[in-house]
Amino acid sequence: MSITELLLRLVCAFFALLILTRIMGRKEMRQLTFFNFISGIAIGSIAANLIASDTFSLLNGMTALVVWSALTILFGLVDLHSRKARHLMEGNPILLIHQGEIMEDGLRRVRLDVEALKGMLRQKNAFAVSEVAFAVLETDGSLSVMKKKDAERAAGPTKFPILPTEIISDGRWNAANMDKLDLSREEVLRDMKNAGLQQVSDVFYAEVEQDGSLYFSRKQ
């Protein structure tokens, strides 16, 4: 490979990555999920081959880079508009601790042992499992922790024993969560109308807060 070709490859790869990362948005760069992480690695690998590989032509390299990025963008759009696709590609957050009790099923699902869990808790300044109200493993592998004292403060005098829980997303009911909360649609619709929302399709997102109140975010 000549110096001229190498410089041409470097310039093409640089501007291709600059343009594609701007188009794909910040989510890919933050590697929020396993899918985003793998996508970022693949794009970096293609760009590296485009620059340094003698057997990888400039045309083939640019084509691979653009097609992979286009597929990533396409699946990102599907992710935004389909809850089933989002769950398939990203998975769901897993509850690992509930009111100071370790959820063994949750640990098995994510293949995490107790010592690793305790280490992640210490990183969140929680040095005893008993002081934790909720610990949730997010889809990006990070651990979100709410201590009991913070949960009680958020719940107020009712001590509502749950995490804030989604009941409507993208104008659609989350029937599974409503069944868990023993919450009827009539109750939610009544509160919706009090908030100036006439039907579920008017709601972008709604959740039950720890104090039992309902939060609504209107569709724009």
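The rules we used
- Residues numbered from 1 in each chain as written.
- Predicted model: local features only at pLDDT ≥ 70, side-chain atom pairs only at ≥ 80, totals over all residues.
- Heavy atoms only, no water.
- Helix = DSSP H or I, 4+ residues; strand = E, 2+ residues; numbered from the N terminus.
- Expected span 1.5 Å × (residues − 1).
- Buried < 20%, exposed > 50% of the residue type's maximum accessible area, 1.4 Å probe, protein only.
- Pairing = 2+ DSSP bridges.
- Phe/Tyr/Trp six-rings, centres within 6.5 Å; stacked < 30°, edge-to-face > 60°.
- Core = buried A, V, L, I, M, F, W, Y, C linked by side-chain atoms within 4.5 Å.
- Contact = heavy atoms within 4.5 Å.
- pLDDT = per-residue confidence, 0-100.

### Some points on helix H4 (residues 58-81)
Here's step 1: The end-to-end C-alpha distance of H4, which contains 24 residues, comes to 35 Å, matching closely the 34 Å that a straight helix rising 1.5 Å per residue would cover.
Here's step 2: When H4 is considered as a whole, its buried residues turn out to be Gly61, Leu65, Ser69, Thr72 and Asp79.

### Section: the sheet that holds strand E8 (residues 214-218)
Here's step 1: Taken together, four strands build an open sheet; the order of strands is E6-E5-E7-E8 and the sheet is antiparallel. Two strands bound the open sheet, and with one partner strand each, they are strand E6 (172-173) and E8.
Here's step 2: Pairing of strand E5 (residues 165-169) with strand E7 (residues 203-208) involves four bridges; the strand directions are antiparallel. Directly across from Thr165, in E7, lies its bridge partner Val208.

### With respect to the packing of aromatic side chains
Here's step 1: Enumeration according to the criterion identifies one aromatic pair in this entry.
Here's step 2: Ring centres of Phe14 and Phe15 lie 5.2 Å apart, and the angle between their planes is 90 degrees; on these two criteria the pair is classed as edge-to-face.
Here's step 3: With a relative accessible area of 51%, Phe14 lands in the exposed category.

### Quick word on the nonpolar core
Here's step 1: Counting residues in hydrophobic clusters, the biggest one holds 14 residues, and the most contacted among them are Ile167, Ile168, Val188 and Phe216.
Here's step 2: Elements that contribute at least two residues to this core include exactly E5, helix H10 (185-194), E7 and E8.
Here's step 3: For this core, the element with the most residues is E7, which contributes three residues.
Here's step 4: Not counting chain neighbours up to four residues away, the residues in contact with Phe216 comprise Val188, Asp191, Met192, Ala195, Leu197, Val203, Tyr205 and Ala206.

### Topic: the confidence of the model for the chain
Parts of the model with low pLDDT should not have their predicted coordinates read in detail.
Here's step 1: On average, the chain scores 81 in pLDDT, and the residues at 70 or more come to 89%.
Here's step 2: Within the chain, no element has a lower average pLDDT than helix H2 (residues 26-30), which sits at 50, and none a higher one than helix H7 (residues 114-123), at 92.

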